[in-house]
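The primary structure of each chain is shown beneath.
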Amino acid sequence: MLSLETREIIKATIPVLEEHGNEITTVFYAHMFEEHPELLNIFNKTNQQQGRQQAALAQTVLAAAKHIDHLEAIIPNVNQIAHKHRALQVKPEHYPIVGENLIYAIQKVLGEAATPEIVNAWTETYGVIADVFIQMEQGLYKEEEWHGFKPFKVANIKQESEHIKSFTVSPINNIKLQPVVPGQYITVKVHPEGENNDMLRHYSICSDDISSGIKFAVKRDVAGSEKGIVSNYLHDNISVGDEILLSAPAGEFTLHTTEQPLVFLSGGVGMTPLMAMLESSSDKQVTFIHSAYNRAEVPFKDEITAFHDKENIQFYFNYSEESGRLTRDKLAQVINGNEEIYMCGSVSFMEGMLVILDELGIDRTHIHFEPFGPKMSITV
Ligand code: HEM
């Protein structure tokens, strides 16, 4: 339990953190990778370059500081991050490294303003926050379907749309696959030729059928930027029969038990986890709303066609090339307001949809979402 004095110091430093938050985390990453270059095998270099991880960490630190009197308020967010950490195989021994480098960065950026009292208060507080993560992750490690990264053989590759391929991979080494939890993702570890480090990326599982293995989908990065280095590597270099390394499925964006009709609302490759959810809800009343640039961009056409005869499942496609974005009026025509809504897409798609759903008066407790990439904000 943190002392009253420590908590007062933490609260008093919030404005300073708000001012220097991103600067502190930038110094933190630079210093940590200098001291521990092996961690570059875990972290996503592209997220560092785009400042996304900096923002995520800064926001988490701030959220913790703001909730210092009742840290349990951040637990739902810790759960989502803990799943990612488990998927990446972040271990308890990594936490002191992050802690030491975070404190170093606070001292470096704040200079003399970082008094010993402030440094001690943050060291102590980081320890408490780290323990919350470590404990939650310990529970997830106990449940993981297999430990670490294990080799899988690529059994099938299918071009699902112009830019999306699905990969079906079956385990080697006697792993007996458990039924998939729709909405979860697997994590791939690759080491593209010419790169200095291993690269880890999460991809959503797109089918609940595991008879031939785990099926996940990957969108090619058409801009050809650093951003899509692993996705493009999988598209261009991986063939049937190859082996790739996977950690066990993770993620808490999963279906809740409900009697209500369901709405699946996706943008682009965000359709992936929702397809697995649809397959496992085929006896329910479902409206599947998908927004894509055009028809060529829509994946899983075979699966969608197979659902055509089912009266309880309605598809609604919005092609922005033809009719512009998915608007409030369009959504109001297909949503009743009594459904349980599951959304997935880019951060900007999700933010736009949340605004519209709020305007339509849909209670946030009925909206479940997972943006691709780091969660938009710990406080959303
Ligand atoms: C992702 C916070 C400790 C490695 C994240 C995210 C947050 C976060 C907010 C983004 C989650 C998302 O994508 O939605 C924290 C906090 C920590 C902590 C508050 C300490 C209390 C660690 C440690 C490691 C680590 C000890 C390993 C050395 C990662 C990696 C990612 C991540 C590799 C994925 C994002 C990327 O690669 O850019 N963490 N983390 N974290 N964390 Fe942590």
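Going by an unreviewed UniProt entry, the protein carries the name nitric oxide dioxygenase and comes from Macrococcus lamae. As stated in UniProt under Cofactor (unreviewed entry), the record for the protein gives "heme b".

So, on to the nonpolar core. If you look at the biggest cluster of nonpolar residues, it comprises 43 residues, and the most contacted ones within it are Phe-28, Met-32, Tyr-95 and Trp-122. Counting residues per element, the ones that place at least two in this core are α1 (4–12), α2 (14–35), α4 (52–66), α5 (75–88), α6 (95–110) and α7 (116–143).

It is worth spelling out helix α8 (residues 229–237) at this point. By the burial criterion, the buried members of α8 are Ile-229, Val-230, Ser-231, Asn-232, Leu-234 and His-235. Looking at the buried positions of α8, the neighbouring elements they touch are β2 (164–171), β3 (185–190), β4 (199–204) and β5 (214–219).

The domain architecture assigned to the protein consists of domain 1 (4–143), domain 2 (150–250) and domain 3 (262–377). For domain 1 and domain 3, the distance between their C-alpha centres works out to 34 Å.

What follows is about unusual backbone geometry. In this structure, Gln-89 takes a positive phi of about 65 degrees despite not being glycine. Mapped onto the secondary structure, Gln-89 falls in the loop between α5 and α6. By relative accessible area, which is 11% here, Gln-89 ends up buried. Of note in the backbone geometry, Asn-174 takes a positive phi value of approximately 60 degrees without being a glycine. One can find Asn-174 in the loop between β2 and β3. On the basis of relative accessibility, which here comes to 81%, the residue Asn-174 falls in the exposed class.

So, on to the pairing of β2. Across the eight residues that make up β2, a large majority, six, are buried. Relative to β2, strand β1 (residues 150–159) runs antiparallel, the two being bridged by seven bridges. By the bridge assignment for β2, Lys-153 is matched with Ser-170. Linkage of β1 to β2, two consecutive antiparallel strands, is achieved through a turn of four residues. Strand direction decides the pairing type here: β2 and β5, joined by six bridges, are antiparallel. Among the inter-strand pairings, Phe-167 is bridged to a residue of β5, identified as Phe-216.

Attention now goes to the side chain of Glu-137. Note on placement: Glu-137 falls in helix α7. One buried charge, Glu-137, has no salt-bridge partner; the nearest side chain with opposite charge is Arg-86, at 9.3 Å. A polar side-chain atom of Glu-137 sits 2.7 Å from a polar atom in the side chain of His-85.

With that out of the way, let us pick up α2. For α2, spanning 22 residues, the distance from its first C-alpha to its last is only 28 Å, which falls clearly below the expected 32 Å at 1.5 Å a residue. At His-20, α2 shows its strongest bend, of approximately 70 degrees. Residues Ile-14, Leu-17, His-20, Gly-21, Ile-24, Thr-25, Phe-28, Tyr-29, His-31, Met-32 and Phe-33 constitute the buried set of α2.

So, on to the environment of Gln-184. Summarising the element assignment, Gln-184 is placed in the loop between β2 and β3. In this structure Gln-184 comes out as buried when scored by relative accessible area, which is 11%. Put simply, Gln-184 and Met-277 are 93 residues apart on the chain and 9.6 Å apart in space, counted from C-alpha to C-alpha. Residues in contact with Gln-184, not counting those within four places in the same chain, are Ser-204, Ile-205, Pro-249, Ala-250, Gly-251, Phe-253 and Thr-254.

For strand β10 (residues 340–345), a buried count of six out of six residues is recorded, marking the element as mostly surrounded by other parts of the structure. Side-chain alternation along β10 places Glu-340, Tyr-342 and Cys-344 on one buried face and Ile-341, Met-343 and Gly-345 on a second face that is also buried. As paired strands, strand β7 (residues 262–267) and β10 are joined by five bridges and run parallel to one another. Considered in β10, the bridge of Leu-265 is made with Met-343.

On to the pattern of salt bridges. What the rule picks out here adds up to 12 salt bridges. Salt-bridge contacts for Glu-8 lead to Lys-11; the nearest nitrogen and oxygen are separated by 3.8 Å. Here Lys-11 and Glu-8 lie together in helix α1, a separation of three residues that amounts to about one turn. The partner of Glu-144 in a salt bridge is Arg-86, with the nearest N and O atoms 3.2 Å apart.

Considering the arrangement of structural elements, one finds Asp-209 in the loop between β4 and β5. Here the alpha-carbon distance between Asp-209 and Ala-276, two residues 67 residues apart in the chain, equals 8.4 Å. Side-chain polar atoms of Asp-209 contact the side chain of Ser-211, separated by 2.7 Å.

Let's shift gears to the packing of α1 against α7. Orientation of α1 relative to α7, taken along the N-to-C sense of each, is 105 degrees, at an axis distance of 9 Å. Considered as vectors, α1 and α7 are oriented roughly perpendicular to each other. For the pair α1 and α7, the contacting residues are Thr-6, Ile-9 and Ile-10 in the first and Glu-117, Ile-118, Ala-121, Trp-122, Glu-124 and Thr-125 in the second. The class makeup of the residues in the contact of α1 with α7 is five nonpolar, two polar and two charged.

Cut-offs used in this document
- Residues numbered from 1 in each chain as written.
- Predicted model: local features only at pLDDT ≥ 70, side-chain atom pairs only at ≥ 80, totals over all residues.
- Heavy atoms only, no water.
- UniProt positions renumbered as here; feature names shortened; annotations may be inferred.
- Core = buried A, V, L, I, M, F, W, Y, C linked by side-chain atoms within 4.5 Å.
- Buried < 20%, exposed > 50% of the residue type's maximum accessible area, 1.4 Å probe, protein only.
- Helix = DSSP H or I, 4+ residues; strand = E, 2+ residues; numbered from the N terminus.
- Contact = heavy atoms within 4.5 Å.
- Domains from an automatic or database assignment.
- Pairing = 2+ DSSP bridges.
- Lys, Arg positive; Asp, Glu negative; His and termini not counted.
- Salt bridge = Lys/Arg side-chain N within 4 Å of Asp/Glu carboxyl O.
- Polar contact = N/O pair within 3.5 Å; in protein donor to acceptor, adjacent residues only side chain to side chain.
- Expected span 1.5 Å × (residues − 1).
- Bend = angle between axes of the 7 residues up to and from the residue.
- Axes fitted to C-alpha atoms, helices over the stretch in contact; angles between N-to-C directions.
- Parallel < 35°, antiparallel > 145°, perpendicular 65-115°, else oblique.
- Nonpolar A, V, L, I, M, F, W, Y, C, P; charged D, E, K, R; others polar.

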